[in-house]
Amino acid sequence: MDAEAFFEGMPFADLLGIDVTECADGHAEGTLEVTEDLSWNADELLAHGGVTFTLADTVGGAALVSLVDQPVPTVDMRIDYLAAGAGDLSAEADVVRCGNDVGVVDVAVSADDGTRVADARGVYKTG
């Protein structure tokens, strides 16, 4: 399975403009351009929390897909929002555990100025 192609063909991720830029060996990276449509604030571009969550979930899933070579539905995800998502966002994800039934992935989301926006931990079904 070509993991990057799989995520490029995901309609919701495509709608938001999520681009999985790296996906191999239990690590994934992705970006998202924050537009007016994705902002919660009419006066400045600040990513809606749901947009930040979806970026983390998508890139987290990509990291695990790179190991199990199949789609991995999300079982659970916890996210801590640390700062407003001002500007474009990027995410980096690393697999913590890849088991026969579930996998665990840690994800860091940052703004384009380097500010950490959120930390997330996702649990995905692998079997």
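Below is a short write-up of the structure. (Residues numbered from 1 in each chain as written. Predicted model: local features only at pLDDT ≥ 70, side-chain atom pairs only at ≥ 80, totals over all residues. Heavy atoms only, no water.)

1. Topic: the overall build of the chain
- Counting its secondary structure elements, the chain contains three helices and six strands.
- Helices (α) and strands (β) of the chain occur, in sequence order from the N terminus, as α-α-β-β-α-β-β-β-β.
- The globule rule puts the C-alpha radius of gyration for 127 residues at 14 Å, and the 14 Å found for the chain is close to it.
- In terms of principal-axis extent, the alpha carbons of the chain reach across some 45 × 25 × 20 Å.
- Scored against the burial criterion, the 127 residues of the chain give a buried share of 42%.
- Taking as baseline every contact in the chain between residues at least 6 positions apart, the subset at least 24 positions apart corresponds to 60%.
- Accessible area of the chain: about 6,500 Å², with a carbon and sulfur share of 47%. (Helix = DSSP H or I, 4+ residues; strand = E, 2+ residues; numbered from the N terminus. Rg over C-alpha atoms; globule rule 2.2 N^0.38 Å. Buried < 20%, exposed > 50% of the residue type's maximum accessible area, 1.4 Å probe, protein only. Contact = heavy atoms within 4.5 Å. Areas by Shrake-Rupley, 256 points an atom, 1.4 Å probe, with all protein chains shown as cover.)

2. Here we look at the pattern of salt bridges
- Within the structure shown, the criterion is met by three salt bridges.
- Residue arginine 78 pairs with aspartate 80 through a salt bridge whose shortest N-O separation is 2.4 Å.
- Across the salt bridge formed by aspartate 119 and arginine 116, the nearest N and O atoms sit 2.4 Å from each other.
- Accessibility expressed as a relative area gives 41% for arginine 116, which makes it partly exposed. (Salt bridge = Lys/Arg side-chain N within 4 Å of Asp/Glu carboxyl O.)

3. Structural notes on the sheet that holds strand β5 (residues 102–111)
- As summarised here, the arrangement of the six strands in space is β1-β2-β4-β5-β6-β3, forming an open sheet in which the pairing is antiparallel. At either end of the open sheet lies a strand with only one pairing partner, and these are β1 (19–24) and β3 (74–81). Between one strand and the next, the sheet's axes are offset by a mean angle of 15 degrees, whatever the strand orientation.
- The pairing of β3 with strand β6 (residues 116–125) spans seven bridges and is antiparallel. (Pairing = 2+ DSSP bridges. Axes fitted to C-alpha atoms, helices over the stretch in contact; angles between N-to-C directions.)

4. Topic: the environment of phenylalanine 12
- With respect to the secondary-structure elements, phenylalanine 12 resides in helix α2 (residues 11–16).
- With relative accessibility at 48%, the residue phenylalanine 12 sits in the partly exposed group.
- Sequence separation between phenylalanine 12 and threonine 54 is 42 residues, and the spatial gap between their C-alpha atoms is 9.1 Å.

Any functional reading would require information beyond the geometric quantities listed.
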